[in-house]
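# Residue-level structural notes
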Amino acid sequence: MKIDVLSAYQTTAEEFFEKIIGWKADLVLDVRLKNTNQLAGFTKQEDLEYFTHVIAHADYAHDVEYAPSKTLLDSYLDDGLPYEDYFAAYKKEMDERGAIPEFFKKYGQYDSIAIVGTATKKRHSHAEELKLLLDAYQTDHLR
């Protein structure tokens, strides 16, 4: 399974969907906690689901099992939690949920998955870390 990550922020719709099409993604997996407000623009949940089907001919899923808890996210975004600590706490949450092995049970039928996160030029996204955890799991367990 090929896994790529793209950000819903600081990108145009053209750039966003060209990446998905170029990756031949058959699933766009949205792991954002907050994807329904107007600030999400064209990546607002209902719009992104529609555009994914029509433009990229891919499935769409919104799955917050792979998002950090609201408390952890707020600590990172609002309270200045250092990124390294945020990632360590995110990894711990994924471990406690058994989320990484579950990912392959839920989405193992897909060949190419584009994970949607919220990285900006100034801030990392948990989607980037999720990809690292998934890649490591594939290397250790699935090959």
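Residues numbered from 1 in each chain as written. Predicted model: local features only at pLDDT ≥ 70, side-chain atom pairs only at ≥ 80, totals over all residues. Heavy atoms only, no water.

## Focus on the overall build of the protein chain
- Scanning the protein chain from terminus to terminus reveals six helices and four strands.
- In summary, the protein chain has a C-alpha radius of gyration of 15 Å against a globular reference of 15 Å for 143 residues, a match within 12%.
- Taken along the three principal axes of its C-alpha coordinates, the protein chain extends 40 × 40 × 20 Å.
- For the protein chain, with 143 residues in total, the buried portion stands at 43%. (Helix = DSSP H or I, 4+ residues; strand = E, 2+ residues; numbered from the N terminus. Rg over C-alpha atoms; globule rule 2.2 N^0.38 Å. Buried < 20%, exposed > 50% of the residue type's maximum accessible area, 1.4 Å probe, protein only.)

## Some points on unusual backbone geometry
- Notably, K24 is not glycine yet its phi reads approximately 55 degrees, a positive angle.
- By the secondary structure assignment, K24 is in the loop between α1 (13–22) and β2 (27–30).
- For K24, a relative accessible area of 67% gives the class exposed.

## Some points on α1
- Those residues of α1 not exposed but buried are F16, F17 and I20. Around the axis of α1, the buried residues are gathered within 85 degrees of arc, so they sit on the same side. Seen from the open side of α1, the exposed residues pointing more than 90 degrees away from its buried face are E14, E18 and G22.
- K24 lies just past α1 and shows a positive phi near 55 degrees. (Arc of directions from axis to C-beta.)

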